[in-house]
Each structure stands twice: as C-alpha cells, then as structure tokens.
Amino acid sequence: MIDIKTVRKDFPILSREVYGKTLVYFDNAASSQKPSKVIDAISHYYEHEHSNIHRGVHHLSADATEKYEEARKTIQRFINAEHSHEVIFTKGTTDSINLVAYSFGVKFINEGDEVIVSTLDHHSNIVPWQMICETRGAKLKVIPINNEGELLLDDYRNLLSDKTKIVAVGHVSNALGTINPVKEIIAEAKKMSIPVLLDGAQAIPHLAVDVQELDCDFYAFSAHKIFGPTGVGVLYGKENLLNTIPPYQGGGDMIDTVTFEKTTYNELPHKFEAGTPNIAGVIGLKAAIEYVNQVGINNIAIAEHQLIEYATEQISAIDGVRLIGTAKEKASVLSFLVNDIHPYDIGTILDRLGVAVRTGHHCAEPLMNRLNIPGTVRASFAFYNTKEEVDVFVNALKKVVSMLS
Amino acid sequence: MTIAEIQEEIVGEFSIFDDWMDKYEHIIESGKELDSISDDLKTSANLVKGCQSQVWLHAEMEGDNLIFQACSDAIITKGLVSLVVRTLSGHTPREILDAELSFVDEIGLKEHLSPTRSNGLVSMIKKIKLYALAFQTKLNG
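Now for a quick tour of the structure. (Residues numbered from 1 in each chain as written. Chains lettered and ligands numbered in written order. Predicted model: local features only at pLDDT ≥ 70, side-chain atom pairs only at ≥ 80, totals over all residues. Heavy atoms only, no water.)

### Re the overall build of chain B
Next, step 1: From N to C terminus, chain B includes six helices and three strands.
Next, step 2: Ordered by position from N to C terminus, the α and β elements of chain B give α-α-β-β-β-α-α-α-α.
Next, step 3: For 141 residues, the compact-globule formula gives about 14 Å, and the C-alpha radius of gyration of chain B, at 15 Å, lands near that figure.
Next, step 4: Principal-axis analysis of the C-alpha atoms gives chain B an extent of 50 × 30 × 25 Å.
Next, step 5: For chain B, buried positions account for 45% of its 141 residues.
Next, step 6: For chain B, the share of sequence-separated contacts (at least 6 apart) that also reach a separation of at least 24 residues comes to 63%.
Next, step 7: Surface accessibility of chain B: about 7000 Å² in total, with carbon and sulfur atoms responsible for 51%.
Next, step 8: Here chain B contributes 13 positive and 23 negative side-chain charges, whose respective centroids are spaced 9 Å apart. (Helix = DSSP H or I, 4+ residues; strand = E, 2+ residues; numbered from the N terminus. Rg over C-alpha atoms; globule rule 2.2 N^0.38 Å. Buried < 20%, exposed > 50% of the residue type's maximum accessible area, 1.4 Å probe, protein only. Contact = heavy atoms within 4.5 Å. Areas by Shrake-Rupley, 256 points an atom, 1.4 Å probe, with all protein chains shown as cover. Lys, Arg positive; Asp, Glu negative; His and termini not counted. Charge placed at Lys NZ, Arg CZ, Asp CG, Glu CD.)

### Things to note about the nonpolar core
Next, step 1: With 82 residues, the main nonpolar core has A:Phe89, A:Tyr156, A:Val167, A:Leu198, A:Tyr219, A:Leu367 and A:Phe383 as its most contacted residues.
Next, step 2: With 11 residues, the top contributor of residues to this core is helix 10 (residues 279–295) of chain A.
Next, step 3: Discounting chain neighbours no more than four positions away, the residues touching A:Tyr156 are A:Ile116, A:Ile143, A:Val167, A:Ile185, A:Glu188 and A:Ala189.
Next, step 4: Grouped together as the second largest cluster of nonpolar side chains are 68 residues, B:Ile6, B:Ile10, B:Tyr24 and B:Leu121 included. (Core = buried A, V, L, I, M, F, W, Y, C linked by side-chain atoms within 4.5 Å.)

### Brief notes about the interface of chain A and chain B
Next, step 1: Opposite the 16 residues of chain A that make contact, chain B presents 17 residues.
Next, step 2: Here chain A meets chain B over a buried area of about 1500 Å², counting both sides, of which 60% is carbon and sulfur.
Next, step 3: Taken as a group, A:Tyr344, A:Arg352 and A:Met403 account for 42% of the area that chain A buries against chain B, more than any other trio of residues on that side.
Next, step 4: At the surface where chain A touches chain B, the tally comes to zero salt bridges.
Next, step 5: Inspection of the chain A/chain B interface yields three residue pairs in polar contact (both at pLDDT 80 or more).
Next, step 6: When residues of the side of chain A that touches chain B are traced back to their parent elements, those giving at least two are helix 12 (343–352), strand 16 (358–360) and helix 14 (387–404) of chain A.
Next, step 7: Per element, the largest residue contribution to the side of chain A that touches chain B is six residues, and it comes from helix 12 of chain A.
Next, step 8: Grouping the constituent residues of the side of chain A that touches chain B by class yields six nonpolar, five polar and five charged. (Buried area = accessible area lost by both parts, 1.4 Å probe. Salt bridge = Lys/Arg side-chain N within 4 Å of Asp/Glu carboxyl O. Polar contact = N/O pair within 3.5 Å; in protein donor to acceptor, adjacent residues only side chain to side chain. Nonpolar A, V, L, I, M, F, W, Y, C, P; charged D, E, K, R; others polar.)

### As for the environment of A:Arg378
All names here are of chain A.
Next, step 1: Examined against the element boundaries, Arg378 turns out to sit in strand 17 (residues 376–380).
Next, step 2: With 17 residues separating them in the primary sequence, Arg378 and His361 have C-alpha atoms 9.7 Å apart.
Next, step 3: Here Asn174 takes part through its backbone oxygen, which lies 2.9 Å from a polar atom of the side chain of Arg378.

### Description of the packing of helix 1 (residues 3–15) of chain B against helix 3 (residues 75–88) of chain B
For any two helices packed against each other, the geometry is given by the interaxial angle and the distance between the axes.
Residue and element names in this part refer to chain B.
Next, step 1: Interaxial distance between helix 1 and helix 3 falls to 8 Å at its minimum, and their mutual angle equals 145°. Of helix 3, the residues touching helix 1 (which contributes Ile3, Ile6, Gln7, Glu9, Ile10, Glu13 and Phe14) are Leu83, Arg86, Thr87 and Leu88.
Next, step 2: Broken down by class, the residue content of the contact of helix 1 with helix 3 amounts to six nonpolar, two polar and three charged. (Axes fitted to C-alpha atoms, helices over the stretch in contact; angles between N-to-C directions.)

### Considering the pattern of salt bridges
Any two side chains of opposite charge can pair if their charged atoms end up close together.
All names here are of chain A.
Next, step 1: For the coordinates displayed, the defined rule picks out 21 salt bridges over all chains.
Next, step 2: Taking the shortest distance from any N to any O, the salt bridge between Glu389 and Arg8 comes out at 3.1 Å. Taken as a pair, Glu389 in helix 14 and Arg8 in helix 1 (residues 4–9) lie far apart in primary sequence, 381 residues in all.
Next, step 3: With a closest N to O distance of 3.1 Å, Glu188 and Arg157 form a salt bridge.

### A look at the pairing of strand 14 (residues 333–338) of chain A
Residues and elements named next belong to chain A.
Next, step 1: Of all six residues that make up strand 14, six are buried, and the element is covered over most of its length.
Next, step 2: Neither face of strand 14 is open: one carries Val333, Ser335 and Leu337, the other Leu334, Phe336 and Val338, and all of them are buried.
Next, step 3: Judged from the three bridges that link them, strand 13 (residues 321–323) and strand 14 form a sheet pairing that is antiparallel. Considered in strand 14, the bridge of Arg322 is made with Leu337.
Next, step 4: Sheet topology note: the strand 14/strand 17 ladder contains four bridges and is antiparallel. Residue Ser335 lies in a different strand from strand 17, and its bridge partner there is Arg378. (Pairing = 2+ DSSP bridges.)

### Things to note about the packing of aromatic side chains
Next, step 1: Applying the stated criterion to the full structure yields 20 aromatic pairs over all chains.
Next, step 2: Clustering of aromatic rings is evident, with ring pairs tying together A:Phe11, A:Phe227, A:Tyr291, A:Phe383 and A:Tyr384.
Next, step 3: It is A:Lys387 that lies over the ring of A:Tyr310; its NZ or CZ is 4.9 Å from the centre.
Next, step 4: Note that B:Lys42 overlies the ring of B:Trp56, its terminal NZ or CZ placed 5.1 Å from the centroid. (Phe/Tyr/Trp six-rings, centres within 6.5 Å; stacked < 30°, edge-to-face > 60°. Lys NZ or Arg CZ within 6 Å of the ring centre and 35° of its normal.)

Below you can see the structure in the form of structure tokens.
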C-alpha cells in the first residue's frame, strides 16, 4: 500500500500553484515529476563528486566512474538484464531507438526486407525505422488495430515472413494507454528467429519489466518518464546482438585504439557510449529507480489501476464524453473527446482551472488518422495522483463543457 | 479607425472583465461573430499550420487596403483570430507592416502568443505580415 500523503511530500512541485489553484498534474505520460531524492542526488553529485569518468587517474574521476557504473548495475537489476553491459546509456527512448534502427539496420536490413511497427506507435518508433528503410530500400509494415485501440494479432502473424528483419512495437501506447500483448508478439517473432525491440517509454513507470522473461532483444526507455531527469535514457540489448551490430556514433570512450588507418572499438557497453555521457543524469536516474524500488513497482501499478478505473467511471458519466481507446488492458492514460469540442479548447480552459493535461495528436499522427480524429485530450496519471485530484479534474471538465458547448 | 484605435477599443472592451472566465467567454463570442471563411477558401494554400489547432487565412486587396478572412477549428483560437482580423484587416499593407500587436498582451492573453502554445496564432500573424510585405513590394514595384 502506498501512503499517498507521504509520497506526495516527496515531490516538491506537487504543492505549487498555477493561476492561484493547487496544481493537478495529469500530464505524466509526457513527463513525470521528480522526487527530492533525485533532485538531491544530482545536486550532491555536482557539489561533491563531479569529474569526467573512465579516463582519470585522480580520485574524483575514479569516484564518479564508480557511481556511474553502479547506476548501470541498479538498472540491470531493475529490468533483470543478464549482464550490466547490456545496459547502454543514451539520451532517451528516441535516441535508443535511433541507435538500434541505424546500427541494426546497416548490419541486417537490405533491399526488399521488411520492418514491422504498429499503428499505436509513437513517432519515435516510426520515423527512425522509416529513415533506415528508405536508406536500405526496405519496407515498413504496420500492425493494424481494432476500434478499441488493440493490436490485431492475426494480422500481425500474417505480416511476419522471411523478409521481416525486426519487429519494433510499443509496450504501452502513449496516446491510448493500451498495454500491448508483447509476450505473444515476441513469441510469434521468435518462432521465426526475428528479433524484437520494445519501446518501453510508457511502460517502465507503470509495470514491472523483466527483459529476460519477456525475451525481447532490445528494450528502450527514458529516465524522465520514471521520475528521473530529462536527457538520459536506456537501451537494453542482448549481449550477442549488441556485439554483432556496429557502433552508432564515433568519438571518445567508444574506442579501443585509433590510428588514421584503422580504429578498433571498445567493448560493451562503452562501444555505444561515444563522448562524455550525461553523468549527472545517470546518477539522477539511479536515484529515481531506487525511489521506485522503495515505493514498489507493483504498489505503483495497483494504485494507478485504481485511479484510472475511478477516473474512467467518473468521466464516462459526463454527457458527450467519448473515450478514445477502450482496450481491456490499459495503463495510466485516459484519452477522450467531448462532443465536437476541439481538444485544444478543452486543454486551454482546463489549464486555467489548474489542471494540466495534454491535447493534440500525442506524436501519433498515423493513429489519429486511423481513428479519424484530429487529436484527443489526454489525462495521464502517476501513483502520486489522488482520487481528490480526479474529482477536481472532473468538476473542471464539467465547467469547460458548459462553457464551450 | 486606425489600427492603434482599434486595439484601444479592444483593450477597452476587455477591461470590464475581472474574471479570466469572462474574458474567455468574450473571446469565444468574438469568434462567433467572425464571418466564417467559405469552404472553397479553406484550401491547403490558405492553411496556417499550428501543431494543435489549425487556422485558415485568405488575403486579397480591395482598393488600397488588404482584406483578411480567417477561421480556426478551435473556438478559442478562432476568437483570438477574429480579434487579429478585426485589428489588421482593411488597412494598407504599409500600415499592417508597421503595426505592433500590443492588445493581446494588454488584455492579459500573452501566453497565447507563445510559440509553445502551437495554436497557429503566431504563424498566422507572421503570414499576415508576409502578405503585407508581398503586396507592399508589388505596390512599390
């Protein structure tokens, strides 16, 4: 059980006001707020421990390196990776996916090959694949959905062929909150020895993720969605695949030896971490993961499930509300429209009433086109949100509807 | 009326509202009064792309003056658009080029001119200025 009063105190920003009203922050799918532990860890690092890592002979550098590599182990345990060198630090989910699209692409994707993504995917898991397909003369194939926002697995099976080089799908949809049946998706691909990348940006803050149990080949996520800092993320990859594909970027840290004739590359994980990394970010991410472990990811999942059930029930009672995305398995996200009111108008007035939601296409334009809507209003929850906040939101929404109808 | 006078008039209208909600109601009402742009002018060429709400803007010369017609799919944006059209439409390209839109700030809606709002309003004002510049260049030519 989560003691909501205590956890809310861990997040300083939650007590601030906007337009004279206590902030109701329902934009967690875009970015979650940060607990003091994360903020303090970053300050402490800069105040006491900062130095460049991996190449210093002095005490500070050795210390910073140790902290950085400890963080890698914390993440390894959190996602249950077999080795810590299977955890690559990146700038974020987008960077992680671009890394795989490029490095896997130049090694394995050739003319006439196919890459499978899904209709639910965020632009970050569409565009990098489109780019590599264009360069390599390959084709993008898309898993369709039903009207509830669930992937159609029969169609997925039919898309798989010996031309398929990789399947890349989201674990949880950022726009609708659908939890995709990733285990089945991976199992089907494995039957044909096709590797699978999961975009875990929206899953990692809400569900327990075990990469070995999932048997995915790559898993990408961002720190800032799991209460950590912006500008840092993770790419998990299976050791053998990471060893097979070439580096993504060249520079410091990723090299073994350099001559003008030939450069050889460093071992995992450094091979994929060119240049001075976001050390403070990684240390902040470590603090965030420790915080999540302390609260308990399963407690988080339960609290958020209750919250979304309650919010769904409350909002459905408002006349004219149409829920967008009614999948059986959902996490954190409540997307909706009201009559023919433009999402932008709803979001603007809700903001003035102190409720922060997101409106628009949520970086999933192909999904909006499929659903034939310009966008949605999206309320997305974290475990620190409360039923009382849902009530404030629902009352505000009623006000908005009467004003805009 | 000059552009400055129209802006003063708008600021005057809004000054009676203390409550932000009344201000928004007034913006929405202004939008409703805006003559809707006919469907044949809602072309892709006239579309000003915002990230969230879309704005259509049509411009043509009538005598010495530049006339604007505009619309938006979001009613708050449409209201703001109507105020911009009311201010700038029917003036010479020179006057439009020289105009400074101060009323949005003065009525306390500055945040709507922030590029991060992605409501199409900033792009629309840019496009209006570009039209004015194009017609002014033509006049000079």
